[in-house]
Amino acid sequence: MSKKLFVVMLLALLLVGAVMPVAAQEPVTITWFVGLGTGTNSEQIEVQNQVVADFNAMHDDIELVINIGASNETSRDTLSTLIAAGTPPDIVGPVGVAGSNSFADQWATNIDQLAADAGFDTSVFDPALIDLYRTPEGTLSGLPFAVYPAVTYYNIDLFDEAGLNYPPAEFGAPYVMPDGTEVAWDYDTVAEIAKILTVDANGNDATMDGFDPAAVEQYGVNFQWARMRLIWTNLQPSDQYYNAETNSISVPEEWTQATQWYWDRIWVDHTAPNATASASEVLQPSGFASGNLGMAVVPLWYTCCLDNSVGNFTWNIAPVPASFDGEQHVAMDADTFRLVAASAHPAEAFEVLQYLVTEAAPALASVYGAFPALPAAQPTWVETISARYPMGVSWDVAAASLAYSNPGPMHHESNVPNYTAVYDREFALLSLIEGDTGADMDIAAELETFATDATAIVQGQ
């Protein structure tokens, strides 16, 4: 073949290639499974569908498909079936720490590497919130999305009636006692002012000789709807609860101290309600919302249930008290989206994850009723919640709390084997402390029994 003929044929082939259409590459399908937590009511579904549509409009290479389950229990069964069949979704959520534990071995733990590969800067989140998703091995299992820091809700009207100063509005600020003395805002201080806030039917508070603990009409403090490990963690976080090497549960010394502190408030000072009082008309509906409770240490999600208090009394929020070690620690309920380790397309799944926790965060957090971990999304939440509760609540406390979040190993819902059964045993312990026979319990003996029982549970005995 002559050189001239070869050149002519090559040019012809190039011309043909230029005019022939190139087959479009099929987009990668990424499935988002919703149902282990919130996200299944009609308003949420509408917003989630719009989030999916917005993502797909911006991406030709990825098609995001949403799969919405029914109830949490049914959704767990559905997800288990999908995983067992080898057809798992790529991303699951929103789901909390406890809700994630049922599938703890299914989640991707290489989020650090995926973020680096995608060029995603995780420093847009508070480092303490990143550490919440650190595994004991140091890898990263998630990115922050919705956070609910524990805060101190307090009844302004009851503080005014008692002549008490309000709790401090900033971390590290002191509390000012009625005589002007400045003291640390810690659980010792809470115990003292709770006595002044606890009042019986005759108008006597718990500091007075005539106080009648059988006729309390106003209580000083509670841990609203808390489980045992959350109460322990509020008072003093610890990473010594579960020992993976020995596969055993123990009650750290600081949690023995915490149990004694809580028991004293119920059965010695009578400033925290026992189970009977909590169920009585005095504290209905839902404890703090009754208007007959001075302070409640509870995660921020309690804004869910205070609408009926508007117009009845005025309330605000303050930082949680300092723990027994004198340091600020904030127990943090948290929801996120988990990447499934078995996903066939981890890079594309991460692309969806970073979209959900950043660009889509304002819309999703608002419809979920969640405080966003992303600082840029927080003003939208504040605007929405302020319209709902227009009494000038110090919402900046929520943002300030994030820097004090407990890391993953100290989280009050950190995973242990047979998590649900251990949870039930924790609940039984709390029921004993708060129950009618709690006044006669031997704290040391009961904690020892609890540790023995919980160890047997994690070991599958």
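Before reading on, note that the structure itself is shown above.
Each value, and the rule that gives it
Residues numbered from 1 in each chain as written. Predicted model: local features only at pLDDT ≥ 70, side-chain atom pairs only at ≥ 80, totals over all residues. Heavy atoms only, no water. Helix = DSSP H or I, 4+ residues; strand = E, 2+ residues; numbered from the N terminus. Buried < 20%, exposed > 50% of the residue type's maximum accessible area, 1.4 Å probe, protein only. Lys, Arg positive; Asp, Glu negative; His and termini not counted. Charge placed at Lys NZ, Arg CZ, Asp CG, Glu CD. Phe/Tyr/Trp six-rings, centres within 6.5 Å; stacked < 30°, edge-to-face > 60°. Pairing = 2+ DSSP bridges. Contact = heavy atoms within 4.5 Å. Expected span 1.5 Å × (residues − 1). Disulfide = S-S within 2.5 Å.

Student: Go over the overall build of the protein, please, and point to the residues and values.
Tutor: Scanning the protein for helices and strands turns up 17 helices and 14 strands. Considering only C-alpha atoms, the protein reaches an extent of 115 × 55 × 35 Å along its principal axes. Considering the protein as a whole, with its 461 residues, one finds that 50% of them fall into the buried category. Considering the protein, the positive charge centre built from 11 side chains and the negative charge centre built from 58 side chains are found 14 Å apart.

Student: I'd like a description of the packing of aromatic side chains, backed by residues and values.
Tutor: Applying the stated criterion to the full structure yields 29 aromatic pairs. Residues Trp315 and Tyr389 carry aromatic rings whose centres are separated by 5.2 Å and whose planes lie at 70° to one another, so their mutual orientation is edge-to-face. Residue Trp315 is found in strand S12 (residues 315–318), and its partner Tyr389 is found in the loop between helix H14 (378–388) and helix H15 (396–401); the two are separated by 74 residues along the sequence. By relative accessible area, which is 1% here, Trp315 ends up buried. According to the relative accessible area criterion, Tyr389 is buried, its value standing at 1%. Ring centres of Trp315 and Trp395 lie 6.2 Å apart, and the angle between their planes is 80°; this geometry places the pair in the edge-to-face category.

Student: Now, about the pairing of strand S3 (residues 91–96): what can you tell me, with residues and values included?
Tutor: Burial analysis of S3 places six of its six residues in the buried class, the great majority of the element. Looking at chain direction, strand S1 (residues 28–34) and S3 are connected through two bridges and run parallel. Bridging across to S3, Phe33 finds its partner in Val92.

Student: Residues and numbers for the environment of Val199, please.
Tutor: Note on placement: Val199 falls in strand S7 (residues 199–200). Here the alpha-carbon distance between Val199 and Ala331, two residues 132 residues apart in the chain, equals 29 Å. Once residues within four sequence positions are removed from consideration, Val199 is found in contact with Asn204, Asp205, Phe211, Val216, Glu217 and Gln218.

Student: Which residues make up helix H16 (residues 419–434), and what values go with them?
Tutor: Between its first and last C-alpha atoms H16 spans 23 Å; for 16 residues at 1.5 Å apiece the expected length is 22 Å, and the two agree. Where H16 is buried, its residues contact helix H4 (97–100), helix H9 (228–235), helix H10 (253–267), helix H11 (275–278) and helix H17 (443–458).

Student: Requested: an account of the state of the cysteines, with residues and values cited.
Tutor: Evaluated as defined, the whole model comprises one disulfide. A sulfur-sulfur separation of 2.2 Å characterises the disulfide bridge that pairs Cys304 with Cys305. Residues Cys304 and Cys305 are joined through a disulfide that is left-handed, its torsion about the S-S bond being -80°. For Cys304, a relative accessible area of 40% translates into the label partly exposed.

Student: Hey, could you go over H10 for me, with residue numbers and the actual values?
Tutor: Over its 15 residues, H10 runs 21 Å from end to end, which matches the ideal 21 Å to within 8%, given 1.5 Å per residue. All of the buried residues along H10 are Trp255, Ala258, Thr259, Trp261, Tyr262, Trp263, Asp264, Arg265, Ile266 and Trp267. Elements that come into contact with the buried residues of H10 comprise helix H8 (187–197), H9, H16 and H17.

No statement about biological role is implied by the geometric values presented.
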